[in-house]
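Architecture at a glance
The lines below spell out each chain.
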Amino acid sequence: MAREKDADRSVRGKQGHQLGPEAKDPTRAVVIVPVLTRQLRGDDESSRPRLSRSADARHDEAVGLASAIDLNPVHTAVVTVADPRPATLLGSGKVAEFADIVKERKAELVIVDHPLTPVQQRNLEKELNAKVLDRTGLILEIFGERARTKEGTLQVELAHLNYQKGRLVRSWTHLERQRGGAGFLGGPGETQIESDRRILQDKITKLKHELETVRRTRDLHRAKRKKVPFPVVAIVGYTNAGKSTLFNRLTGAGVLAEDMLFATLDPTLRRLRLPHGTPVILSDTVGFISDLPTHLVAAFRATLEEVVEADLVLHLRDISDPDTAAQAEDVERILGDLGVDAADANRVIEVWNKIDLLDESNRERLLAEGASGKSPPIAISAVTGEGLDTLKALIEARVSGELETMTVTLSPAQLGQVDWLYRNGDVVSRADNEDGSVTLSLTATHSARQEIENRLHRKSRS
């Protein structure tokens, strides 16, 4: 069974981008979303999520991935596959049907939202008479377009090369030609495909060395941050959960935040001062996605180490998405692969974003369900600012301890510290004494209290 949706509209137009008179028309693409029934029954529980994602959600995500690189999906279809074919994944009847659609719609590209073997990709290209890109290849194309820093470019290039190694046969027609071997008479030598693979492997080795240099540089930066003990708070979540919007709202940064998948690729770090003066380093990371290619995770090791090294992790969820539970499970699996236990309430805070998009009944129901858990999530809206004060207070409590009440009396010689105390504590009351001293009653985090006591003690001794 196939559910098909015509999409004779430019994705750019959908996103509000204007095509100028000299702009090139976006590539016309057919998007196919295979739904394997064996996968839905969960034959392989070790490598698939326990929660099945709906076909509609998978369709919308596939179209979203296509829109992320400005493709024009002229036809989309969800296809149920009961018996995956080793040669083409889809049955021969479906392949012939899509070949007619590609010809009729004048499509240049076919996107199959499922991993394809090199043989399946090659056979589909022959049958459909168009370039075929599987889910992995599409994600790599998006990452290649989003990379801005040298590190991001290196990581994407490494992932691309690893992906291409098994697909060289698709790109050449002369791969069985042999080059002459060494020696006077020569010999069979190596085939062209062996030569090309060797060249690719040399490039991969070089890129790994360059990324190792990046990793060492990051280690140095982390070591410097530890000397100035600023806790690191990393924001993670499914792509398009609103991480960059939250990051910008909290820090005032100008990180790209758009309603598209993988709007942010390169990690960004900014300093954030919490309500009671605690400074932290906030890190915005690349969004996660289901079936994220293993070699892509490996290539982005240097970036993902920011999550591993973080003192606190904010797991941001788009609570308005119908598939939010399945998305959360995908994120938790990747966190587990990185060595971060998503169930560790002392290190991971679950944050429900886009609460403003829910109607009143759904909001009350979800908040009631969340409140019944061991570690209730924090409900926020990164767009409206709802719940952000509660989130910042919880972050501060986790990294600096719960708030404590204290009373300090400053001698006339210490009055220069009054402004600092107002900035680093929450002053509840103030009394100006007749001898010129000032008595302050304030609340502060445990670490701030220790710093206040040490600071005033040093001043009194001097």
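Residues numbered from 1 in each chain as written. Predicted model: local features only at pLDDT ≥ 70, side-chain atom pairs only at ≥ 80, totals over all residues. Heavy atoms only, no water.

This paragraph deals with the overall build of the chain. Along the backbone of the chain there are 17 helices and 14 strands. In the chain, which comprises 462 residues, the proportion classed as buried is 48%. Restricting to contacts in the chain with at least 6 residues of sequence separation, those with at least 24 account for 71%. Per element, the accessible surface of the chain, about 23300 Å² overall, is 49% carbon and sulfur. (Helix = DSSP H or I, 4+ residues; strand = E, 2+ residues; numbered from the N terminus. Buried < 20%, exposed > 50% of the residue type's maximum accessible area, 1.4 Å probe, protein only. Contact = heavy atoms within 4.5 Å. Areas by Shrake-Rupley, 256 points an atom, 1.4 Å probe, with all protein chains shown as cover.)

Once that is clear, we can look at the packing of helix α3 (residues 55-67) against helix α6 (residues 135-146). One can describe the packing of α3 onto α6 by two numbers: an axis separation of 9 Å at closest approach and a directional angle of 40°. As the angle between them shows, α3 and α6 are arranged oblique. Where α3 crosses over α6, the handedness of that crossing is left-handed. In contact with E61, L65 and A66 of α3, α6 contributes R135, L138 and I142. In the contact of α3 with α6, the residues fall into four nonpolar, no polar and two charged. (Axes fitted to C-alpha atoms, helices over the stretch in contact; angles between N-to-C directions. Parallel < 35°, antiparallel > 145°, perpendicular 65-115°, else oblique. Left-handed = near helix turned anticlockwise from the far one by under 90°. Nonpolar A, V, L, I, M, F, W, Y, C, P; charged D, E, K, R; others polar.)

Take unusual backbone geometry next. One non-glycine residue, K106, lies in the positive phi region at around 55°. Positive phi values are uncommon outside glycine, yet K354 reaches one of about 65°. Locating K354 in the fold gives a position in the loop between β10 (348-353) and α14 (360-371).

A separate point is the pairing of strand β13 (residues 426-432). Here six bridges tie β13 to strand β14 (residues 438-445), and the two strands are oriented antiparallel to one another. Directly across from R430, in β14, lies its bridge partner L440. In textbook terms, the turn of a hairpin is the stretch between consecutive antiparallel strands, and for β13 and β14 this stretch comprises five residues, one of which, G436, has a positive phi near 95°. (Pairing = 2+ DSSP bridges.)

Another point: α3. The first and last C-alpha atoms of α3 sit 18 Å apart over 13 residues, in line with the 18 Å expected at 1.5 Å per residue. Listing the buried residues of α3 in full gives A55, A57, R58, H59, E61, A62, V63, G64, L65, A66 and S67. (Expected span 1.5 Å × (residues − 1).)

It is worth spelling out the environment of A310 at this point. Following the sequence through the fold, A310 ends up in the loop between α12 (301-308) and β9 (312-318). Put simply, A310 and I281 are 29 residues apart on the chain and 9.3 Å apart in space, counted from C-alpha to C-alpha.

Let's shift gears to the nonpolar core. One finds L71, I111, L138, V236, F288, V313 and L335 to be the most contacted residues of the largest nonpolar core, which totals 39 residues. Taken together, the elements giving at least two residues each to this core come down to β2 (28-36), α3, β4 (109-112), α6, β6 (232-237), α12 and α13 (324-337). Counting 22 residues, the second-largest nonpolar core is a separate cluster that includes V81, V102, V110 and L124. (Core = buried A, V, L, I, M, F, W, Y, C linked by side-chain atoms within 4.5 Å.)

Okay, the packing of α6 against helix α7 (residues 150-165) next. How two helices pack is summed up by the angle between their axes together with the distance between the axes. One way to put it is that α6 packs onto α7 with a least axis distance of 10 Å and a crossing angle of 155°. Looking at the two axes, α6 sits roughly antiparallel to α7. In the packing of α6 onto α7, the handedness of the crossing is left-handed. Between α6, through T136, G137, L140, E141, F143 and G144, and α7, the contact on the second element is made entirely by V156, A159, H160 and Y163. Looking at the contact of α6 with α7, its residues break down into five nonpolar, four polar and one charged.

Quick look at the confidence of the model for the chain now. Where the model shows low pLDDT, its predicted coordinates should not be examined in detail. Summing up the model confidence of the chain, the mean pLDDT is 78 and the portion of residues at 70 or higher is 76%. Considering only residues more than four positions removed or in separate chains, one finds that residues 40-49, a stretch of pLDDT under 50, has nine contacts. Scored below 50 in pLDDT, residues 169-187 makes 33 contacts in the model with residues more than four places away or belonging to other chains. (pLDDT = per-residue confidence, 0-100.)

A few words now on the pattern of salt bridges. Enumeration over the complete set of coordinates arrives at 11 salt bridges. A salt bridge links D113 to R58; its shortest N-O distance comes to 3.5 Å. One end of the pair, D113, is in the loop between β4 and α5 (118-128); the other, R58, is in helix α3, with 55 residues separating them in the sequence. Of the two residues examined, D113 and R58, each falls in the buried class. For the salt bridge of E369 with R365, the shortest nitrogen-to-oxygen distance reads 3.3 Å. A residue pair is termed a helical-turn pair when its members lie 3 or 4 positions apart in one helix, as E369 and R365 do in helix α14 at four residues. When salt bridges that share partners are traced, they join R58, E61, D113 and R135 into one network. (Salt bridge = Lys/Arg side-chain N within 4 Å of Asp/Glu carboxyl O.)

Let us look at α5. All buried positions along α5 are accounted for by Q120, Q121, N123, L124, E125 and L128. A positive phi of about 55° marks N129, the residue just after α5.

Attention shifts here to the pairing of strand β7 (residues 268-273). When β7 meets strand β8 (residues 279-284), the two strands line up antiparallel, connected through six bridges. In the sheet register, T268 faces β8, and the bridge partner there is D284. Connecting β7 to the antiparallel partner β8 that follows it, the hairpin turn spans five residues, and G277 within it adopts a positive phi of roughly 95°.

Turning our eyes to something else, we now look at the environment of R449. Among the secondary structure elements, R449 is positioned in helix α17 (residues 446-461). For the pair R449 and M406, spaced 43 residues apart in sequence, the C-alpha separation works out to 7.8 Å. With near-sequence residues (within four places) excluded, R449 lies in contact with E404, T405, M406 and A444.

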